Amino acid sequence: MKILYFAWLRTTIGCTEEEITLPDNVTCVKEVLNHLRSKGGVYEQALGEDKVIRVALNQDYVQDDAPVSNNDEFAIFPPVTGG
Amino acid sequence: MIRVQAENFDVGAEINALSHGNTAIGGICSFVGLVRDFQHTKEDETRVSAMTLEHYPGMTEKKLEEIEAIARDRWPLEDVLIIHRYGRMEPGENIVLVVTASAHRKAAFESAEFLMDFLKTKAPFWKLEEDDNGAGNWVDAREADEDAASKWNR
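So, how was this worked out
Residues numbered from 1 in each chain as written. Chains lettered and ligands numbered in written order. Predicted model: local features only at pLDDT ≥ 70, side-chain atom pairs only at ≥ 80, totals over all residues. Heavy atoms only, no water. Pairing = 2+ DSSP bridges. Helix = DSSP H or I, 4+ residues; strand = E, 2+ residues; numbered from the N terminus. Axes fitted to C-alpha atoms, helices over the stretch in contact; angles between N-to-C directions. Contact = heavy atoms within 4.5 Å. Buried area = accessible area lost by both parts, 1.4 Å probe. Salt bridge = Lys/Arg side-chain N within 4 Å of Asp/Glu carboxyl O. Polar contact = N/O pair within 3.5 Å; in protein donor to acceptor, adjacent residues only side chain to side chain. Nonpolar A, V, L, I, M, F, W, Y, C, P; charged D, E, K, R; others polar. Parallel < 35°, antiparallel > 145°, perpendicular 65-115°, else oblique. Left-handed = near helix turned anticlockwise from the far one by under 90°.

A.B. asks: Describe in detail the sheet that holds strand β3 (residues 48-55) of chain B, supporting the description with residues and values.
C.D. replies: Residues and elements named next belong to chain B. Strand order across the open sheet formed by four strands is β5-β3-β7-β8, with antiparallel pairing between neighbours. On the outer flanks of this sheet lie β5 (87-89) and β8 (136-138), each paired with one strand and no other. Taking the axes of each pair of neighbouring strands and ignoring which way they run, one obtains an average angle of 25° across the sheet. Strand direction decides the pairing type here: β3 and strand β7 (residues 125-131), joined by seven bridges, are antiparallel. Each bridged residue has a counterpart across the sheet, and for Leu53 the counterpart in β7 is Lys127.

A.B. asks: I'd love a proper account of the interface of chain A and chain B, names of residues and values included.
C.D. replies: The interface of chain A with chain B comprises 20 residues on the first partner and 27 residues on the second. Among the residues chain A hides against chain B, the three largest losses belong to Gln59, Thr81 and Gly83 of chain A. Together they make up 36% of the total. Seen at the junction of chain A and chain B, the total is three salt bridges. Lys62 of chain B is paired through a salt bridge with Asp60 of chain A; the nearest N and O atoms lie 2.9 Å apart. Across the contact surface, chain A and chain B share 15 residue pairs in polar contact (both at pLDDT 80 or more). Counting only elements with at least two residues in the side of chain A that touches chain B, the list comes to α1 (7-13), β4 (60-61) and β5 (73-77) of chain A. Residues belonging to the side of chain A that touches chain B are distributed by class as follows: 11 nonpolar, six polar and three charged.

A.B. asks: Which residues make up the packing of helix α3 (residues 105-122) of chain B against helix α4 (residues 143-150) of chain B, and what values do they have?
C.D. replies: Residues and elements named next belong to chain B. Packing of α3 against α4 leaves a shortest axis separation of 8 Å and a crossing angle of 130°. In terms of orientation, α3 lies oblique with respect to α4. The element α3 and its partner α4 pack so that their crossing is left-handed. Here Asp117, Phe118, Lys120 and Thr121 of α3 come into contact with α4, specifically with Asp145, Glu146, Ala148 and Ala149. Looking at the contact of α3 with α4 residue by residue, the class counts come to three nonpolar, one polar and four charged.

A.B. asks: Talk me through the packing of helix α2 (residues 59-74) of chain B against α3 of chain B; I want residue IDs and the actual numbers.
C.D. replies: Residue and element names in this part refer to chain B. Put simply, α2 and α3 touch, their axes get as near as 10 Å, and they point 150° apart. One finds that α2 runs roughly antiparallel with respect to α3. Read as a crossing pair, α2 and α3 show a hand that is right-handed. Residue-level contacts link Lys63, Leu64, Ile67, Glu68, Ile70, Ala71 and Arg74 of α2 to Phe114, Leu115, Phe118, Leu119 and Lys122 of α3. Along the lines of polarity and charge, the residues of the contact of α2 with α3 split into eight nonpolar, no polar and four charged.

Laid out in structure tokens, this is it:
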């Protein structure tokens, strides 16, 4: 799965995008976030429960329970502030 | 039509190009968003010296196209133009342009406001403000923007 980070998530984690292989027990958005969080360090810091983040799956907003697969593009970013 | 670009735009030229040759248009409404030099109020001590707009290429275009389609479905519009810039900009520079054209003014006014309200809460852009000392601060999303967007769902 391709993971993209934007804004302060990109600067905190220190990476624009990365490729990960999902473990078999990771099947929805919430589980991907938990999986990343479990890597600790900057991931735990950026994805902490106190942080307000949004997830887009294949460029559409999704809820925590949306199903995921290794072919998906998974983007994590703060609430948007354009305009 | 939507455009996502780094370069500036000429508001007058864009409006003229949009209305040229379409005599069914009776009214055009436009909104131009600019970089201002303070965060929330003029009394703020910290001045904003520049701003960098980051975006999500691909998703940005997709969301802007979806928002345009909703507006066209909801109001009788002759034409729609949304231009949003990304990259570094200084106070006074254009950030965003929304133009709506219709036979009558009400549809043009309402749809332009709708497009801005939806764009501000759906299009994946993030502002990084630079202060006088060159320090960068990511701008927080405002609840007022969510409220403004949700009123269109009523």
